[in-house]
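Residue strings, one per chain:
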Amino acid sequence: PGEYLGGKERGMTGNHRPEGVFFLSLPVRARAASLLDVAPTVYALLDAAGPPMDGASLVEAAPSEAFDYAAAAAAPYTPDQEAAVEGRLRDLGYFE
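Throughout, a residue's number is its position along its own chain's written sequence, starting from 1. The predicted origin of the model limits local features to residues at a pLDDT of at least 70 and limits the giving and counting of side-chain atom pairs to 80 or more, whereas totals for whole chains, interfaces and linings rest on all residues. In computing side-chain properties, one takes all heavy atoms of the structure into account and sets aside hydrogens as well as water.

**Digging into the side chain of Ser57**
- Turning to its location among the elements, Ser57 is positioned in the loop between helix H1 (38–45) and helix H2 (69–74).
- Throughout, a contact is declared for two residues whenever any of their heavy atoms are within 4.5 Å. If we skip the residues at most four places from it in the chain, Ser57 touches Pro40, Thr41 and Ala44. The secondary structure listing takes helices from DSSP runs of H or I that are at least 4 residues long and strands from runs of E that are at least 2 residues long, numbered from the N terminus.

Set out below in structure tokens:
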């Protein structure tokens, strides 16, 4: 409970989660990223040879079949998912 207060020298001061956010300026369909994948991805984007690493390039992890990003953006949620999101937002007071 002492960590819930937050603030300087008063417990947790931010939103800490084991998962992170990895932004890439290229549209790729990749698996969940790991910190170990950052260096191989940078080497691949620079088209440079790197030493053997435990991670894998996220750019090269994309499947060979084409992915329709326009269709995915047009309907990002199924009707059931959309209803679930709306229900959560309604519970939080964002909808009346």
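**Focus on the pattern of salt bridges**
- Every case where a carboxyl oxygen of Asp or Glu lies within 4 Å of a side-chain nitrogen of Lys or Arg is listed as a salt bridge. Applying the stated criterion across every chain yields a total of one salt bridge.
- The salt bridge partner of Arg90 is Glu86, with a shortest N-O separation of 2.5 Å. Pair noted here: Arg90 and Glu86 are both in helix H3 (residues 79–91), with a separation of four residues, about one helical turn.

In short, geometric facts, not functional conclusions.
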